[in-house]
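These are the residues of each chain, in order.
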Protein chains: 2
Amino acid sequence: MAAAPLPRAPVTSSPSPAGRVLLLRGGPARGSIRTGAAAAPGWRRMLTPSPAVSAVALARSAGSPPGAAAVDPKVETLLDSVKWDTKGLAVAIAQNVDTGAILMQGFANKEALATTISTRKATFYSRSRSSLWTKGETSMNFINVYDIFLDCDRDSIIYLGKPDGPTCHTGAETCYFSSVYDALQGSKPNQDRQVVTTLYSLEDTINRRKEETVTEGSGKPSWTKKLLLDNQLLCSKIREEAGELIQTLLENEDKARAASEMADLLYHAMVLLSVKDVKMEEVLEVLRKRFSQSGIEEKASRKKS
Amino acid sequence: MAAAPLPRAPVTSSPSPAGRVLLLRGGPARGSIRTGAAAAPGWRRMLTPSPAVSAVALARSAGSPPGAAAVDPKVETLLDSVKWDTKGLAVAIAQNVDTGAILMQGFANKEALATTISTRKATFYSRSRSSLWTKGETSMNFINVYDIFLDCDRDSIIYLGKPDGPTCHTGAETCYFSSVYDALQGSKPNQDRQVVTTLYSLEDTINRRKEETVTEGSGKPSWTKKLLLDNQLLCSKIREEAGELIQTLLENEDKARAASEMADLLYHAMVLLSVKDVKMEEVLEVLRKRFSQSGIEEKASRKKS
């Protein structure tokens, strides 16, 4: 039912406007919401700068040139803990928090990372222009950062965020649309053939079948097309698959069976989403937004809306 | 129902043993399975080397030192099209094909990319050891590559693959378990707090609630715990949520409602998976394996097993 509260799962929270950060995130303790009130005062100070000292200005002082404004010592320590290469750079990868798509890869210097930490907009260092640049400063397609991860060697960074629009300068969702194996078969790079993981590959396939039902009529037979063209069949299948998933629990069927029935249910439900023109990314966004609230708050907000 | 054929969706196929590659992948044409038979003979030759010339040996000749074995000219052209930096390197990112998790990031030179293309095992160039290394050559935790993507600038590479086991030398699933914001709040890096996207963040939360039902008894109230402890309630909720998703189609409810109902169904179904100890990754693996077969083949293989 729509009013059932979803769990309190604050692993990622909505990024707040530049410089204002709610620390509603799950940490190692996993299980309690830690609010900004629990954070060290200095950290809060850096994240909520006074109007006179913007977050970017603070960030730009991260390299600590003489006369620059002071930076939170915790941030400074963190920036110093990164293993910057001989040019002062580390690889920075931007990833879509909902879909997992790798959007782009650039490099960050200390200042770029400091800026991203404070503004929550993915920021890089352009090696060709020798300057800082925030993705979206021209296109307005910012990448709103929810979390930042360093790897075990502390020389590689992930900006986990939500893009405001296509990330690639070509207008593609991601910069990765040239498949090596396609190229070796003689195909030209195709922006419709993005790097996609299993769930989105399935979604693409369902959507292609949907296009085919329009462009080719019945055409080549396909189970997906049949479902797309027959709402009653689709609905009865979703009901049936839900029943078979439930059965794996009630009749103590094995794990492989449960995985298989969940795959069936997910696929059929995704066909319905395609009919409704809803993307899995939108579903995941709903789930993410519910994470940052307790079930009670979530229920209350639904009543209001 | 279990026997319903899933769609013919060969966007990614199972990687075959080193040097033997089935080209069952969706390309720009999207909609037909292109088999190895359609590939250029030279490409096939490179992918199915004779026992006397191993794939790795072929790959190692990619730099074309004098006297080295000849490499498929298409591969050579592709390797030359990459914008290698002044040290002959490009960034190479390994991503889990099913979950989208960024597993690790290293660098590739021409030889490393050639080796990955031919062996389908993610291979990098170690800058510290000045040598080629295939992830897993010591740990046996290879990353089996399904596809390789170059970015729009052709200077960044994604190895999209399935890891045989944990990727990080620390034993963690991925190398990214140090959250910058956690660190700024004073937390130590925690391998349990990996970089995760929305779906896996929800899965983690459900699994934490499951642990709490054991360690804390009823403890703090939570809807997820209630579901985890009451199979009848859980099953009736899944049935109800499936019904509400269906209703969005039959009663022509809006897109936001469909996304919300799908979120509800997905969450409740994932609680069932948690009870059954099944990971979403296993479900996605099922879907991926079904992609590479037509519905008819898939149905036939189920009858056999």
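These figures come from a predicted structure and were not determined experimentally. (Residues numbered from 1 in each chain as written. Chains lettered and ligands numbered in written order. Predicted model: local features only at pLDDT ≥ 70, side-chain atom pairs only at ≥ 80, totals over all residues. Heavy atoms only, no water.)

(A) Main features of the packing of aromatic side chains. Tallied over the entire structure, the rule returns 4 aromatic pairs over all chains. The ring of Phe142(B) is capped by Lys121(B), whose NZ or CZ atom sits 5.2 Å from the centre of that ring. (Phe/Tyr/Trp six-rings, centres within 6.5 Å; stacked < 30°, edge-to-face > 60°. Lys NZ or Arg CZ within 6 Å of the ring centre and 35° of its normal.)

(B) How the structure looks around the packing of helix H9 (residues 255-275) of chain A against helix H8 (residues 231-250) of chain B. Across the interface, H9(A) lies against H8(B) with an axial gap of 10 Å and an inter-helix angle of 30°. It follows from the interaxial angle that H9(A) and H8(B) lie roughly parallel. You can see that H9(A) and H8(B) cross each other, and the crossing is left-handed. In this structure, H9(A) uses Ala269(A), Leu272(A) and Val275(A) to contact H8(B), whose residues at the interface are Leu245(B), Ile246(B), Thr248(B) and Leu249(B). (Axes fitted to C-alpha atoms, helices over the stretch in contact; angles between N-to-C directions. Helix = DSSP H or I, 4+ residues; strand = E, 2+ residues; numbered from the N terminus. Parallel < 35°, antiparallel > 145°, perpendicular 65-115°, else oblique. Left-handed = near helix turned anticlockwise from the far one by under 90°. Contact = heavy atoms within 4.5 Å.)

(C) View of the sheet that holds strand S1 (residues 90-96) of chain A. An order of S2(A)-S1(A)-S6(A)-S5(A)-S7(B) is seen for the 5 strands of this open sheet, with the pairing classed as mixed. Two strands in the sheet have a free side with no partner beyond their single neighbour: strand S2 (102-108) of chain A together with strand S7 (176-179) of chain B. Between one strand and the next, the sheet's axes are offset by a mean angle of 35°, whatever the strand orientation. Of the strand pairs in this sheet, strand S5 (residues 143-151) of chain A and strand S6 (residues 156-163) of chain A are connected by 7 bridges, and their pairing is antiparallel. Bridged to Leu150(A) within S6(A) is Ile157(A). (Pairing = 2+ DSSP bridges.)

(D) Representation of helix H6 (residues 198-215) of chain A. The end-to-end C-alpha distance of H6(A), which contains 18 residues, comes to 26 Å, matching closely the 26 Å that a straight helix rising 1.5 Å per residue would cover. Elements that come into contact with the buried residues of H6(A) comprise helix H7 (223-229), H9 and helix H10 (280-291) of chain A together with helix H10 (280-291) of chain B. (Expected span 1.5 Å × (residues − 1).)

(E) A look at the pairing of S1(A). Residue and element names in this part refer to chain A. A large share of S1 lies buried, amounting to 7 of its 7 residues. Across the two faces of S1 the burial is the same, with Ala90, Ala92, Ala94 and Asn96 and Val91, Ile93 and Gln95 all buried. In this structure, S1 lies alongside S2, joined through 6 bridges in antiparallel fashion. Paired with Gln95 across the strands is Ile102, a residue of S2. Where S1 folds back onto S2 in an antiparallel hairpin, the turn is made up of 5 residues, including Gly100, whose phi is positive at roughly 80°. The pairing of S1 with S6 spans 6 bridges and is parallel. Across the sheet, Val91 pairs through a bridge with Ser156, a residue of S6. (Buried < 20%, exposed > 50% of the residue type's maximum accessible area, 1.4 Å probe, protein only.)

(F) Structural detail: the interface of chain B and chain A. Between chain B and chain A, the contact holds 135 residues from the first and 135 residues from the second. Scanning the region where chain B abuts chain A turns up 4 salt bridges. Of the charged contacts in the structure, one is a salt bridge between Arg290(A) and Asp264(B), with a shortest N-O distance of 2.7 Å. For the side of chain B that touches chain A, the element with the highest residue contribution is helix H9 (residues 255-275) of chain B, accounting for 18 residues. Here the residues of the side of chain B that touches chain A are counted per class, giving 69 nonpolar, 27 polar and 39 charged. Here strand S7 (residues 176-179) of chain A runs beside strand S5 (residues 143-151) of chain B; their pairing, made up of 3 bridges, is antiparallel. Of the residues in S5(B), the one forming a bridge with Ser179(A) is Phe149(B). (Salt bridge = Lys/Arg side-chain N within 4 Å of Asp/Glu carboxyl O. Nonpolar A, V, L, I, M, F, W, Y, C, P; charged D, E, K, R; others polar.)

(G) Spotlight on the confidence of the model for chain A. Residues and elements named next belong to chain A. When pLDDT is averaged along chain A, the result is 79; 71% of the residues meet or exceed 70. The low-confidence segment residues 1-68 (pLDDT under 50) makes 177 contacts with residues lying over four places distant or belonging to another chain. In the predicted complex, the global pTM is 0.79; the interface-specific ipTM is 0.79. (pLDDT = per-residue confidence, 0-100.)

(H) Here's a closer look at the relation of the copies chain B and chain A. Mapping chain B onto chain A leaves a residual RMSD of 0.0 Å; the transformation is a rotation of 180° accompanied by 0.0 Å of translation along its axis. What the superposition gives is, in effect, a two-fold axis relating one chain to the other. Relative to the rotation axis, the closest C-alpha in chain B is found at Gly100(B), a distance of 2.5 Å. Interface overlap between copies: 100% of the residues of chain B at the interface are likewise at the interface in chain A, consistent with a symmetric, same-surface contact. (Least-squares fit on C-alpha atoms with pLDDT ≥ 70 in both.)

(I) Representation of the pattern of salt bridges within the structure. Scanning all chains against the criterion turns up 32 salt bridges over all chains. The salt bridge partner of Asp80(A) is Lys110(A), with a shortest N-O separation of 2.6 Å. With a gap of 30 residues between them, Asp80(A) in helix H3 (residues 73-81) and Lys110(A) in helix H4 (residues 110-119) connect regions that are remote in the sequence. Judged by its relative accessible area of 48%, Asp80(A) falls in the partly exposed class. Of the residues examined, Lys110(A) reaches a relative accessible area of 22% and is grouped as partly exposed. The salt bridge partner of Lys162(B) is Glu281(B), with a shortest N-O separation of 2.9 Å. Taken as a pair, Lys162(B) in strand S6 (residues 156-163) and Glu281(B) in helix H10 lie far apart in primary sequence, 119 residues in all. Taking the relative accessible area as the measure of exposure, Lys162(B) reaches 10% and is therefore buried.

(J) Quick peek at the packing of helix H3 (residues 73-81) of chain B against helix H4 (residues 110-119) of chain B. Residues and elements named next belong to chain B. Contact geometry of H3 with H4 gives a least axis separation of 10 Å together with a crossing angle of 135°. By the angle between their directions, the pair H3 and H4 is classed as oblique. Seen along the crossing, H3 lies across H4 with a hand that is right-handed. Residues Glu76, Leu78, Leu79 and Asp80 of H3 form the contact with H4, whose own contacting residues are Lys110, Leu113, Ala114 and Ile117. Residues of the contact of H3 with H4, tallied by class, amount to 5 nonpolar, no polar and 3 charged.

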